[in-house]
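Next come the chains, spelled out residue by residue.
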Amino acid sequence: MNLLLLRILFIVFSAIVGYQTAGQKEYFFGAFVGAAIAVVIIFLEVGMRKVSVRGLSSAVFGLILGLIMSKLVSEAFATTQISPSSFALIKIILTLIFCYLGMSIGLRGKDEFNLIIPYVRMRRQDQTEEIVLLDTSVIIDGRIIDIMKTKFLEGKIVVPRFVLKELQQIADSTDPIKRQRGRRGLEILHAIQKEAGQQGITLHEEELPEVAEVDAKLVKLGKLLNAKVLTVDFNLNRVASLQGVKILNINELANALKPVVFPGEEMQIKLLKEGKEHNQAVGYLDDGTMVVVEDARRLLGQEVKVTVTSVLQTQAGRMIFTKLDK
């Protein structure tokens, strides 16, 4: 049923109820009041559009806790010798105070209340279910398909709604390069869904509207679900690690699987461009590792034999420094 149709029916039924409950000669006034009340409620519903279900559940939990606490404290006052009128006033005051405190505490700590699906994870204590959140960059990168084929990636694969929305925005960009990357990401996501098979991909609906950036949303969702984040974004890797979120970085995996090179080894390399320092030339191995050759700028475009002098390993990758084999 369309939401607009539902609102219209709600106004009509409210007007009928107002018409039926009004006294003699006030039928039309009662129908008008009923319709007006329905319109006010609809405006309130539209205004509450930004209220998340998770925040609402936390507020309800705080309200129930406040009612329980006010009941317990009121029973303590009931044992004292006070007049019924004073006791009724104290009961109302305690109820208001504890309900307010309970709801405010619940809203302030809503990230700690795991009350609704998928935050409630009902399983045996000796069984754990790994959750892997996919970042936008790792979907566009595409190497995740090959990793899934090897069956090294275990657990439930989750794509947050805001990541899918970012992919769609990139695919609809006016920049042709961004548009191509976005469409490639959507195609890869479709291929991942086929490759997952029984493992499946879950679309997570939580938007986290209080957080603006997609990376910050991923980190927060990872903390809420106790999930790992699969990415190739170096900056997201560092930010998430500082906040205690587990990161699976495909670039780090690729660097770990590269062949080990020791000083003194010889190799053939084609020099493709000039280096940053004086008289340097740069080439690349088949896996993309940068090879810097000293005193070789004059040999650009040629394939030369070099000897490894040192290897520099960084978080962003690996660099091999060499010299010409004389």
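A quick note: this is a predicted structure, and the numbers were derived from the prediction, not measured. (Residues numbered from 1 in each chain as written. Predicted model: local features only at pLDDT ≥ 70, side-chain atom pairs only at ≥ 80, totals over all residues. Heavy atoms only, no water.)

Trainee: Explain helix H9 (residues 214–225) to me, and be specific about the residues and the numbers.
Mentor: Taking 1.5 Å per residue as the helical rise, H9 with its 12 residues ought to reach 16 Å, and the 16 Å between its terminal C-alpha atoms agrees with that figure. Within H9 the residues assigned to the buried category are Val214, Lys217, Leu218, Val219, Lys220, Leu221, Gly222, Leu224 and Leu225. In the segment just after H9, asparagine 226 is the residue with positive phi, at about 55 degrees. (Helix = DSSP H or I, 4+ residues; strand = E, 2+ residues; numbered from the N terminus. Expected span 1.5 Å × (residues − 1). Buried < 20%, exposed > 50% of the residue type's maximum accessible area, 1.4 Å probe, protein only.)

Trainee: Residue-level account of the sheet that holds strand S1 (residues 131–134), with values.
Mentor: If you walk across this open sheet you meet the 5 strands as S3-S2-S1-S4-S5, and the pairing is parallel. Both edges of this open sheet fall to strand S3 (201–204) and strand S5 (247–249), since each of them pairs with a single strand only. Between one strand and the next, the sheet's axes are offset by a mean angle of 30 degrees, whatever the strand orientation. The sheet contact formed by S1 and strand S2 (residues 156–160) spans 3 bridges and is parallel. For valine 132, the partnering residue across the bridge sits in S2 and is isoleucine 157. Docked against the sheet, helix H7 (residues 161–171) engages S1, S2 and S3, running at close to 55 degrees with respect to S2. Along the sheet, H9 makes contact with S1, S2, S3 and strand S4 (228–231), crossing S1 at roughly 170 degrees. (Pairing = 2+ DSSP bridges. Axes fitted to C-alpha atoms, helices over the stretch in contact; angles between N-to-C directions. Contact = heavy atoms within 4.5 Å.)

Trainee: Explain helix H1 (residues 3–21) residue by residue, including any values.
Mentor: With 19 residues, H1 extends 27 Å from end C-alpha to end C-alpha; this agrees with the ideal 27 Å at 1.5 Å per step. If you check which residues of H1 are buried, you get Arg7, Ser14, Ala15 and Gly18. When H1 is viewed along its axis, its buried side chains cluster within an angular range of 100 degrees and face the same direction. Away from its buried face by more than 90 degrees, H1 exposes Phe13, Val17 and Gln20. (Arc of directions from axis to C-beta.)

Trainee: So what about the side chain of serine 74? Which residues, and what values?
Mentor: You can see serine 74 is positioned in helix H3 (residues 53–78). A polar contact of 2.6 Å, which involves the side chain of serine 74, links it to the backbone oxygen of serine 70. Ignoring any residue separated from it by four or fewer positions in sequence, one finds serine 74 in contact with Phe87, Lys91 and Leu94. (Polar contact = N/O pair within 3.5 Å; in protein donor to acceptor, adjacent residues only side chain to side chain.)

Trainee: Requested: an account of the pattern of salt bridges, with residues and values cited.
Mentor: Counted by the stated rule, this structure contains 3 salt bridges. Lysine 71 serves as the salt-bridge partner of glutamate 75, at 3.2 Å between the closest nitrogen and oxygen. Linking glutamate 75 with lysine 71, this pair stays in helix H3, spanning 4 residues, or about one helical turn. Here glutamate 266 makes a salt bridge to lysine 305, at a shortest N to O gap of 3.3 Å. One end of the pair, glutamate 266, is in strand S6 (residues 266–274); the other, lysine 305, is in strand S9 (residues 303–314), and 39 residues separate them in sequence. Relative accessible area serves as the criterion here: at 41%, lysine 305 is assigned to the partly exposed category. (Salt bridge = Lys/Arg side-chain N within 4 Å of Asp/Glu carboxyl O.)

Trainee: Requested: an account of the side chain of aspartate 135, with residues and values cited.
Mentor: Note that aspartate 135 resides in the loop between S1 and helix H5 (136–141). Summary of buried charges: aspartate 135 has no salt-bridge partner, and the nearest side chain of opposite charge, arginine 181, is 9.3 Å away. A polar atom in the side chain of aspartate 135 sits 2.6 Å from the side chain of serine 137. Residues contacting aspartate 135, with those up to four places away along its chain left out, are Val163, Asp215, Leu218, Leu230, Thr231, Asp233 and Leu236. (Lys, Arg positive; Asp, Glu negative; His and termini not counted.)

Trainee: Pulling in residues and values, what's your account of the environment of lysine 178?
Mentor: With respect to the secondary-structure elements, lysine 178 resides in helix H8 (residues 176–196). Overall, lysine 178 belongs to the partly exposed group, its relative accessible area being 46%. With 11 residues separating them in the primary sequence, lysine 178 and leucine 167 have C-alpha atoms 9.9 Å apart. If we ignore the near neighbours within four places in the chain, the residues touching lysine 178 are Ile170 and Ser173.

Trainee: So, the nonpolar core: which residues are in play, and what are the values?
Mentor: Judged by nonpolar contacts, the single largest core of 39 residues is most densely connected at Leu133, Leu134, Ile144, Leu153 and Leu230. Among the elements that take part in this core, H9 stands out by supplying 6 residues, more than any other. (Core = buried A, V, L, I, M, F, W, Y, C linked by side-chain atoms within 4.5 Å.)

Trainee: Which residues make up the pairing of strand S7 (residues 281–284), and what values do they have?
Mentor: Sheet topology note: the S6/S7 ladder contains 3 bridges and is antiparallel. The partner of leucine 271 across the bridge, within S7, is glycine 283. Linkage of S6 to S7, two consecutive antiparallel strands, is achieved through a turn of 6 residues, within which asparagine 279 is found at a positive phi near 70 degrees. With 4 bridges joining them, S7 and strand S8 (residues 290–294) adopt antiparallel strand pairing. Residue pairing for S8: alanine 281 is matched across the bridge by valine 293. Hairpin connection, S7 to S8: the antiparallel pair is bridged by 5 residues, and glycine 288 has positive phi, about 95 degrees.

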